Amino acid sequence: MEDGTSKSPGYCGDTDGDYDVLQWDTREDCEVRQILDRIADKWSLLVIALLDRRSLRFTELRRMIDGISQRMLTRTLRHLERDGLVSRTVHPTVPPRVDYELTPLGATLHTTIRALVTWTEDHQGQIAAARAAFDRRAAAEQEAAVREAAERDAIARDVLPVRR
């Protein structure tokens, strides 16, 4: 094994202090990247946030999450269960009742999500102002590009002879 090569295939580098974020971002076998991809998608974040308050049935979750399909909710819950963030309890009733709830590990993740939401709420005005400024600059650049193209076309028409 080469110097500096980890014996663990899921190890993607040191996450303390100075670390190279690109090291874990580009390696396909990096578990850190895979986990971040899973927990940071919009459906997982919503499911985790909703399950923080109480356990919910599949149909309750689907009703509460606008725009999610049955298939996507099933996939999301299955992935979160596989990762140990959500537990699934099947009750032997007719029809069967299935409840989902956060595991203790999932509850710790919700704390992080809540911090991210709080940061977003605190800074949404600044983000809205930055977006508006960007959109104004982009529109001005587009207008300038259109004007320059029109001027080039006019010069070309004046300089080049007309072919008949």
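Model, not experiment: these values are computed from the prediction. (Residues numbered from 1 in each chain as written. Predicted model: local features only at pLDDT ≥ 70, side-chain atom pairs only at ≥ 80, totals over all residues. Heavy atoms only, no water.)

1. With respect to the side chain of threonine 76
Logical step 1: Looking at the element boundaries, threonine 76 is found in helix H5 (residues 70-82).
Logical step 2: The exposure class of threonine 76 is buried, given its relative accessible area of 4%.
Logical step 3: Residues in contact with threonine 76, not counting those within four places in the same chain, are Trp43, Ser44 and Val47. (Helix = DSSP H or I, 4+ residues; strand = E, 2+ residues; numbered from the N terminus. Buried < 20%, exposed > 50% of the residue type's maximum accessible area, 1.4 Å probe, protein only. Contact = heavy atoms within 4.5 Å.)

2. Observations regarding the environment of isoleucine 68
Logical step 1: Tracing the chain through its elements places isoleucine 68 in the loop between helix H4 (58-64) and H5.
Logical step 2: In this structure isoleucine 68 comes out as buried when scored by relative accessible area, which is 6%.
Logical step 3: Along the primary structure isoleucine 68 and tryptophan 43 are separated by 25 residues, whereas in three dimensions their C-alpha atoms are 7.6 Å apart.
Logical step 4: With sequence-adjacent residues up to four places away left out, isoleucine 68 is seen in contact with Trp43, Arg62 and Leu73.

3. Overview of the nonpolar core
Logical step 1: The biggest cluster of nonpolar side chains holds 21 residues, and the ones touching the most others in it are Leu51, Leu61, Leu73, Leu77 and Tyr100.
Logical step 2: Here this core gets five residues from one element, more than from any other, and that element is helix H3 (residues 42-51).
Logical step 3: The contacts of tyrosine 100, once residues within four sequence positions are left out, are Leu51, Ser55, Leu56, Phe58, Leu61, Leu77, Val86, Ser87 and Arg88. (Core = buried A, V, L, I, M, F, W, Y, C linked by side-chain atoms within 4.5 Å.)

4. Things to note about the pairing of strand E2 (residues 86-91)
Logical step 1: As paired elements, E2 and strand E3 (residues 97-102) share six bridges and run antiparallel to each other. Looking at the pairing, valine 86 lines up with leucine 102 of E3.
Logical step 2: The hairpin turn running from E2 into E3, its antiparallel successor, is five residues long. (Pairing = 2+ DSSP bridges.)

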